[in-house]
Amino acid sequence: MPDINLTIDGHKVTVPAGTLIVEAAKTVGIEIPVFCYHHKLDPVGACRLCLVDFSPGPPRPQTACTTPVAEGMVVRTQSAMAVQARADILEFELVNHPLDCPVCDKGGECPLQDFTFRHGYPTSRIDGPRLHFKKPIPLSENIALDRERCVLCYRCTRYYDEIAWEQELTVAQRGVQSFITSQFDQPLQSNFSGNIIDLCPVGALTSRVWRFESRPWDMTHTESVCSKCAVGCNTTMWQRRGQLVRITSRENDDIDEGWICDRGRFDYTDVNEPSRLRTPTIRGAKSTWADALAATAGGIKGKGAKLGISLPADLTNEEAFLFRRLLDGPLKGAKVKMHGRTAIPAPAGPTMPIKEIDDARVIVVVASDIENDVPIIDLRVKKAVSKRGAKLIVIYPEGVDLDRNPHTVHIRNAKGAAAEEVRKLSSHELLQNPGGPVAILFGDGHGSEDMNDLASACGALAEQVGGKEMPLYRATNERGALALGVAGWDSLDGVEALLSWGPPPTAGVPTSVRFLAAWDHLPRDGYDKAAVVLPATTFAERQGSYTNLEGTVQFLRPPVAINPPLKEAWEVLNELGAALGLELDYPGIFPIQRDAAAKTPALAALAQTPSPEPVTGPVLVGPAHP
Amino acid sequence: MKTTSVLSAHLIDEIKALPARYPQPRSAVMPALDLAQEELGYLTPEAMTEVATALQLDAGYVEGVATFYTLFHLEPIGKHRFYMCTNLSCTLRGAEELVEHLRGAIGVHEAGEVSKDGLFSYEEVECMGACEYAPMCRVDHRYHYDLTAEKVDGLVAERRSPAAAAPLSSSPLSPTLPPERGEGDKPKRAPKKKKADG
């Protein structure tokens, strides 16, 4: 696209054609306040807060969020007309806004507060009665709605409509009486509902999980990675007094585009569980780490195939590497089962990066319930379809949320026959002349498909139509574990000893087990009888890295410090190795990462020093009070 | 799974045929809601859900549209609705007093309240574009002009008698029905067809 030259407040700006004034101003650090505008949503021009004055143009304030730049345009954000227009709009926004900032969870990180300070009038002329609604209204188990605070920017309903393809959040009534409501006041069902909390520019939509827990300035935040599925969405984790109190999204355009699913956002309270395990125990009695690890080693040593190892879905690359070394050494022959993994084999070559879904002209989704398995990929597919005009073919036995688009071609296969349908696709009319890249996303049908057959069918289709494949792994670090060869799927039936790393096996501890050693963070039924229980760290305390489903290695940055006697997972495995007679004398996590990178090509990224914490952008400062 | 439907089967078929008339299929939501309201009197969440299902829309979207327009009723209303214009021209010609009179005639205290027999409710509305015949009102789908207290009583009495109790059969999709006028005040451009008022 050709570049356009314009002037904003005297700064010369060059931006691609089609850029909106509000975005062009950001490039030179000029803040134009917005409520309704959001860079991931289509512009709507509802709140009128972004009024600026430009020439050539009409002699009155215009919205910067809906006006694209033009060659030679002169934008004035600080002219008397623009400054007063924005202050007046803010005064209108505040006519009905309650003065409950002191008890509002948004207080301290609230654009309405900030904009009022930076762009509004210092005093209020409003002394009449304000609009009142019942409040707060629970929109779901996790979200509370305060209609009095709402400025009707429609970010939440537009997000629901454009990004999540759902309509369960809607605007009722009209004009000054309009308010946000859920469909017939029923609780929100969507798996993507939590994003509206981040989107809300005021305190109208707040988290019920974090409600009244802390103030924004009381918390420290850490840029980390979500551990709930294989997408590896970037998150910001908020800590206060050693507790993980909040998780919010963090925009990474290559992976999540600023969205996270509700599982990633709200499923963290187990970190703060008072009943968490803190000290090692042997048959219910407290012990030292040395004794507990010696007992573990004694119970699992030399068992060969009679030893079972259960691994969690969110096993880090570092833990996986240490397990690899144990399995090559003293635990050789043990049966390994990884939680929640798919039957998809390790990728033979490079796979399609998540970002490239955007450019696909045709997207084929095979044998995956992507809304629940890899939710943020689901949003990426929806974006490619609704914003970029991609065609969509779904092969799945049951209805999926992608069917909400009437143009979706949904082929309902018989269970286990997805490969057959994929082979028929090469003659499908949409794939005859796709006019651009084809993306083939495939899962394992939750075990119902013959994966060798399906993977080869998808590979053949990719070759025929010039497409790229993206295997949709489910377990958080399935790809890293596959690279290290520890993503086992062996049956644990009949094993005599079980090392249960993470939560117990989904099917329960096999009855044949005589010796159980568990590394877990919560007490569970049967642990009092278990031979050894080792207290585990959670994703909020753990160092390490995950390899996401596209193969990107991302580092966890623990927001919560480890509270002794808790130990890092790699430390426990190091010492367990020593107890088993294997010299795993890594002095820290970095040597493990360097060693793993040297021995495993897929994990070469581990050798790079982790990038420093992302720097947050400069604070854009607007004018003082007009 | 077939559950009992609140809308009749033929109405659902009618609604399903609507989207074909519009470039944007979801535009059919308005006439569809109108049909549903005509059948039930007012829109229940179940009715809106059935409309949404028939049009392949989400119920939340249908609800948003239904709440936006005041002529979609979300609460029970009388079988016959008086839409009394209280805009400028009608008010100057005594609309307020007529509303007062209507309240007494049908026995309600406020707009939206349903009379005890379930037959009547009224609303005050803005200009319906017939100022030259002020004061005027709309009863169900027809305009009534040059109202007086006696005419209002007549309109109420007509609908109280059993013969008039049958609902209007005319389609709400063609609301431009010929006006009803008294003898002697026929304008020159008289409507061509004179439909019998039901």
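Just so you know, these numbers come straight off a predicted model, no measurement behind them. (Residues numbered from 1 in each chain as written. Chains lettered and ligands numbered in written order. Predicted model: local features only at pLDDT ≥ 70, side-chain atom pairs only at ≥ 80, totals over all residues. Heavy atoms only, no water.)

1. Re the overall build of chain A
Working step 1: Along the backbone of chain A there are 16 helices and 27 strands.
Working step 2: On C-alpha atoms alone, chain A measures out to a radius of gyration of 27 Å, which is about the 25 Å that the 2.2 N^0.38 rule sets for 626 residues.
Working step 3: The principal-axis extents of the C-alpha atoms in chain A amount to approximately 85 × 60 × 50 Å.
Working step 4: Here chain A, with 626 residues, has 57% of them falling under the buried criterion.
Working step 5: Sequence separation of 24 or more characterises 68% of the internal contacts of chain A that already satisfy a separation of 6 or more.
Working step 6: Summing over all exposed atoms, chain A offers an accessible surface of approximately 25600 Å²; the carbon and sulfur share of this is 53%.
Working step 7: Positive and negative side-chain charges of chain A, numbering 65 and 76 respectively, have mean locations separated by a distance of 2 Å. (Helix = DSSP H or I, 4+ residues; strand = E, 2+ residues; numbered from the N terminus. Rg over C-alpha atoms; globule rule 2.2 N^0.38 Å. Buried < 20%, exposed > 50% of the residue type's maximum accessible area, 1.4 Å probe, protein only. Contact = heavy atoms within 4.5 Å. Areas by Shrake-Rupley, 256 points an atom, 1.4 Å probe, with all protein chains shown as cover. Lys, Arg positive; Asp, Glu negative; His and termini not counted. Charge placed at Lys NZ, Arg CZ, Asp CG, Glu CD.)

2. Quick look at the interface of chain A and chain B
Working step 1: Contacts between the two partners involve ten residues from chain A and, on the opposite side, 13 residues from chain B.
Working step 2: Together chain A and chain B conceal approximately 1100 Å² of surface at their shared face, both sides included; 52% is due to carbon and sulfur atoms.
Working step 3: Looking at the side of chain A facing chain B, the largest losses of area belong to Gln167(A), Arg174(A) and Phe184(A), adding up to 56% of the total buried there.
Working step 4: Applying the counting rule to chain A against chain B returns one salt bridge.
Working step 5: For Asp58(B), the salt bridge identified is with Arg404(A), shortest N-O distance 2.7 Å.
Working step 6: The interface formed by chain A and chain B includes six residue pairs in polar contact (both at pLDDT 80 or more).
Working step 7: Among the elements that line the side of chain A that touches chain B, the one with the most residues is strand E8 (residues 169-172) of chain A, at three residues.
Working step 8: The residue makeup of the side of chain A that touches chain B, split by class, is three nonpolar, five polar and two charged. (Buried area = accessible area lost by both parts, 1.4 Å probe. Salt bridge = Lys/Arg side-chain N within 4 Å of Asp/Glu carboxyl O. Polar contact = N/O pair within 3.5 Å; in protein donor to acceptor, adjacent residues only side chain to side chain. Nonpolar A, V, L, I, M, F, W, Y, C, P; charged D, E, K, R; others polar.)

3. Considerations on the side chain of Glu371(A)
Working step 1: Positionally, Glu371(A) belongs in helix H9 (residues 370-373).
Working step 2: Notably, Glu371(A) is buried but unbridged: the nearest opposite-charge side chain belongs to Lys382(A), and the N-O separation is 5.6 Å.

4. Quick notes on the nonpolar core
Working step 1: Of all hydrophobic cores here, the largest spans 187 residues; its most connected members are Tyr159(A), Ile363(A) and Ile377(A).
Working step 2: For this core, the element with the highest residue contribution is helix H13 (residues 451-465) of chain A, accounting for eight residues.
Working step 3: Apart from the residues within four sequence positions on either side, Tyr159(A) is in contact with Leu41(A), Ala164(A), Phe192(A), Asn195(A), Ile196(A), Leu199(A), Trp259(A) and Leu379(A).
Working step 4: Within the second largest apolar cluster, 25 residues are counted, among which are Leu18(B), Ala36(B), Leu43(B) and Val51(B). (Core = buried A, V, L, I, M, F, W, Y, C linked by side-chain atoms within 4.5 Å.)

5. Comments concerning the packing of aromatic side chains
Working step 1: Taken as a whole and assessed by the stated rule, the structure comprises eleven aromatic pairs over all chains.
Working step 2: Note on Tyr159(A) and Trp259(A): the rings are 5.0 Å apart at their centroids and 50 degrees apart in plane angle, and the pair reads as tilted. Taken together, the positions of Tyr159(A) in helix H4 (residues 155-163) and Trp259(A) in the loop between strand E13 (243-249) and helix H6 (262-266) put the pair 100 residues apart, joining distant regions of the chain.
Working step 3: Tyr159(A) gets classed as buried once you look at its relative accessible area, which sits at 0%.
Working step 4: For the ring pair Phe68(B) and Tyr69(B), a centre distance of 4.9 Å and an interplane angle of 70 degrees mean the geometry is edge-to-face.
Working step 5: On the accessibility criterion, Phe68(B) (36% relative accessible area) is partly exposed.
Working step 6: With a relative accessible area of 34%, Tyr69(B) lands in the partly exposed category.
Working step 7: A network of ring pairs unites the aromatic residues Tyr159(A), Tyr160(A) and Trp259(A) as a single cluster. (Phe/Tyr/Trp six-rings, centres within 6.5 Å; stacked < 30°, edge-to-face > 60°.)

6. Remarks on the domain arrangement of chain A
Working step 1: Taken domain by domain, chain A comprises domain 1 (3-93), domain 2 (111-207), domain 3 (281-341 + 480-608) and domain 4 (354-472).
Working step 2: Here domain 1 of chain A and domain 3 of chain A have C-alpha centroids that lie 54 Å from each other. (Domains from an automatic or database assignment.)

7. A few points about the sheet that holds E13(A)
Residue and element names in this part refer to chain A.
Working step 1: On the basis of which strands lie adjacent, the open sheet formed by three strands has the order E11-E12-E13 and antiparallel pairing. This sheet does not close on itself; its edge strands, each paired only once, are strand E11 (220-225) and E13. On average, each strand axis in the sheet is inclined to that of its neighbour by 30 degrees, with strand direction left out of account.
Working step 2: Of the strand pairs in this sheet, strand E12 (residues 234-240) and E13 are connected by six bridges, and their pairing is antiparallel. Paired with arginine 240 across the strands is glutamine 243, a residue of E13. (Pairing = 2+ DSSP bridges. Axes fitted to C-alpha atoms, helices over the stretch in contact; angles between N-to-C directions.)

8. Points about a negative patch on the surface
Residues and elements named next belong to chain B.
Working step 1: Together, Glu96, Glu97, Glu124 and Glu126 give the surface a local cluster of negative charge.
Working step 2: Turning to its location among the elements, glutamate 124 is positioned in strand E2 (residues 120-125).
Working step 3: Glutamate 124 sits in the partly exposed class, given a relative accessible area of 41%. (Patch = residues over 30% accessible without salt bridge, like charges linked within 9 Å, V, L, I, M, F, W, Y side chains within 5 Å.)

9. Some details on the confidence of the model for chain A
Working step 1: Confidence along chain A averages 91 in pLDDT terms, with 97% of residues attaining 70 or more.
Working step 2: Confidence drops under a pLDDT of 50 for residues 618-626 of chain A, and excluding neighbours within four residues, the segment shows 22 contacts in the predicted structure. (pLDDT = per-residue confidence, 0-100.)

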